[in-house]
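Architecture at a glance
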Amino acid sequence: SANQNVRTGRSGSATSAPVEYDTAQRIDVNPPKGTRDFPPEDMRLRNWLFHNFREVSQQFGFEEVDFPVLESEALYVRKAGEEIRDQLYCFEDRGNRRVALRPELTPSLARLVIQKGKSVSLPLKWFAIGQCWRYERMTRGRRREHYQWNMDIIGVPDVTAEAELISSIITFFKRIGLTASDVGFKVSSRKVLQEVLRCYSVPENMFGRVCIIIDKIGKIPMDDIRKDLQSADMSEVAIEELLQILSLKSLAKLEEKLGASGEALSDLKQLFSLAEKYGYSEWLQFDASIVRGLAYYTGIVFEGFDREGKLRAICGGGRYDRLLSTFGGDDLPACGFGFGDAVIVELLKERGLLPELNLQVENIVCSLDPELQGAASTVATILREKGQSVDLVLENKPLKWVFKRAARINARRLILVGKAEWQKGMVNVKTLSTGGQLETKLDELD
Ligand SMILES: Nc1ccc(Br)nc1
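Below or above, wherever it landed, is the structure these notes cover. Residue positions are given per chain, counted from 1 along the sequence in the order it is written. Since the coordinates come from a predicted model, pLDDT governs what is reported: local features require at least 70, and pairs of side-chain atoms require 80 or more to be given and counted, while whole-chain, interface and lining totals use all residues. The basis for every side-chain value is the complete set of heavy atoms in the structure, and neither hydrogens nor water enter the calculation.

Some details on the pattern of salt bridges
- A carboxyl oxygen of Asp or Glu within 4 Å of a side-chain nitrogen of Lys or Arg is what we treat as a salt bridge. Evaluation of the coordinates by the stated rule reveals 35 salt bridges.
- A salt bridge links Arg-102 to Asp-66, with the nearest nitrogen and oxygen atoms 3.6 Å apart. Of the two residues, Arg-102 is situated in the loop between β4 (98-101) and α3 (106-116) and Asp-66 in the loop between β1 (63-64) and β2 (70-72); the sequence distance between them amounts to 36 residues.
- A salt bridge links Arg-292 to Glu-303; its shortest N-O distance comes to 2.9 Å. With Arg-292 in the loop between β8 (284-286) and β9 (300-306) and Glu-303 in strand β9, this residue pair connects regions lying 11 residues apart in the sequence. No difference in accessibility class separates Arg-292 from Glu-303, as the two residues are buried.
- Several salt bridges share partner residues, and in doing so they unite Arg-36, Arg-143, Glu-145 and Asp-341 into one network. Note on conventions: DSSP H or I runs of at least 4 residues are helices, E runs of at least 2 residues are strands, and numbering of each starts at the N terminus. Each residue's exposure class comes from its accessible area (1.4 Å probe, protein chains only) as a fraction of the maximum for that residue type: buried when under 20%, exposed when over 50%, partly exposed otherwise.

Right under this line is the structure:
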C-alpha cells in the first residue's frame with residue numbers, strides 16, 4: 001500500500017534488533033493486518049460486552065485471573081493436527097527462546113494451576129478475558145486477534161461442573177436479550193467417540209487426532225475425512241460405524257447403539273437431568289457430531305449456536321481432564337469454555353440487540369473570561385470531588401463552540417464561570433435539557 005514502510009536497514013530476522021525505518025515517510029496509520037483499533041464507540045461496545053462477561057462470572061462466584069499474551073511455544077505444540085497449531089503466531093525472541101502469542105487461554109490456566117500446585121484449594125473457579133492470536137494467511141482475510149472470555153472449573157470430576165458452566169453462559173445470553181429461540185447448545189461427549197474407537201481397537205494414541213478429523217466434518221469433503229480417518233489406523237467398517245453414530249441426535253438412539261453401561265451415556269443423561277433442574281432444558285440438544293477442534297477435550301463437549309444457522313459457533317467448551325498431566329502436572333479434573341468477542345456481536349447486530357452506548361458527561365464547565373480559567377478549574381475540582389464527571393473547557397472558546405461540544409458529549413449541565421457571578425461566589429448553572437438556568441453559590445453546587 002502507499003503507506004508501505006520503507007525499510008532501509010539490514011533484513012531483520014526474528015531474533016535481530018529492530019531495523020531502521022525511513023522516518024521521512026509517513027508511517028502506516030492502520031493497525032497491523034488482521035488486528036483492530038478500538039476507537040471510543042467500539043471501545044464502549046467492548047466494555048459493555050466485557051462488563052456483562054464479568055458480572056456473570058462474579059455472579060457465579062468465579063475469580064478473575066490473567067496471563068501473559070506471550071507464552072512459551074511449548075504450551076501449544078500438540079501433535080493432533082489442530083488448526084490452532086497450524087496458525088500459531090510463534091517466533092524466536094532475541095534471547096533465542098521459542099515463544100508464541102497465545103491462541104487460547106486454557107493452556108496458560110493449566111500452567112498457572114500447576115505452578116500454584118498445593119497452595120490453592122479446590123475447586124478453582126477462575127475466569128479470564130484475554131486477547132488471543134493466530135497467524136493466518138491473509139488470503140482468507142480473517143482476523144488475527146480476538147478477545148475470549150473463559151470460565152474454568154478445576155477439581156470437579158462430576159458433570160455438575162459442565163452444567164454450571166452452561167448455566168453461566170445462558171445467564172449471559174439472557175442478560176443481553178437473547179433467548180432460547182435465538183441460540184441453543186449442541187452437546188455431546190467425546191466418550192462416545194472413545195467407546196466406538198475401543199470397539200474397533202483403534203489405538204488410544206489416535207484419539208486426539210480422530211477428534212480433530214471429525215471436527216472438520218462440514219468444513220472439508222467427506223472423502224478427505226474418510227482418508228484422514230484411514231490414516232489414523234481406522235478400518236472401513238470402523239469409519240462407517242463411527243460416521244453413523246456421529247449423525248445421531250437422540251440419546252435414546254445412542255443408547256441403542258452403545259448400550260446403557262458406558263460413561264458417555266451416563267454423563268449425558270446426568271447433564272440433561274441437571275438442565276431440567278436449572279430450568280434450561282429448552283436451550284440444549286444432544287448432537288453426537290459435536291467434538292470441538294481442540295485435542296485435549298476428554299468428556300462432555302458443547303457449543304453455542306445461532307438457531308438461524310447463519311453464523312459460526314458463538315462459544316464452545318468441555319471437559320479436559322488430561323491437560324494438566326500432559327504438562328507434567330498432577331492430573332486434575334477440569335472443564336471450561338471459550339467465548340469470542342466477534343460472533344456474538346454479529347449475532348446482536350442480526351437481532352437488533354446492539355445497545356445504544358453514548359458518551360455521557362454530567363457537566364461541562366467553561367470560563368467566560370480568560371482570566372477566570374483558574375476559577376473554572378476550581379469549579380471542576382469541586383464537582384469532581386463530589387463524584388461528578390466534568391469536561392473542563394481548556395481554551396478560550398466562543399459560547400457557540402461550547403454548546404456544540406456540550407451536545408456532542410451529552411452533558412446534562414453547563415456551568416458558566418462569569419466575572420460578575422464569580423465576584424459574588426456564584427456560578428451560572430444551565431440545565432441543558434430544559435434550558436433553565438440558575439445562579440448558584442459555589443458551596444451549594446451539587
Ligand atoms: N484461536 C484463535 C485466535 C484468534 C482468532 Br481471531 N481466532 C481464533
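Read on, since the account is not over.
Overview of the pairing of strand β12 (residues 363-367)
- Here β12 lies mainly inside the structure; 5 of its 5 residues are buried.
- When DSSP finds two or more bridges between a pair of strands, those strands are recorded as paired. As paired elements, β12 and strand β13 (residues 390-392) share 3 bridges and run parallel to each other. Residue pairing across strands places Asn-363 opposite Val-390, the latter belonging to β13.
- Crossovers are described as right-handed under a simple rule: with the strands pointing away from the observer, the path leading from the first strand over the helix to the second runs clockwise. With helix α13 (residues 373-385) bridging β12 and its parallel neighbour β13, the resulting β-α-β unit is right-handed.
- Where β12 lies against strand β14 (residues 413-417), 5 bridges are found, and the strand directions are parallel. Across the sheet, the residue bridging to Ile-364 is Leu-414, located in β14.

Side note on the sheet that holds strand β16 (residues 437-441)
- Here 5 strands make up an open sheet; going across it, the order is β13-β12-β14-β15-β16 and the pairing mixed. For this open sheet the edge positions go to β13 and β16, each flanked by a neighbour on one side alone. Averaged over neighbouring strand pairs, the angle between their axes works out to 25° when direction is ignored.
- Between two residues, a contact is recorded if the distance between any of their heavy atoms is within 4.5 Å. Convention adopted: a line fitted to C-alpha atoms gives each axis, helices being fitted over their contacting stretch, and angles between N-to-C directions are expressed from 0 to 180 degrees. Each of β12, β13, β14 and β15 (426-431) is contacted by helix α14 (residues 399-408), which is oriented at about 170° to β12, the strand it contacts most.

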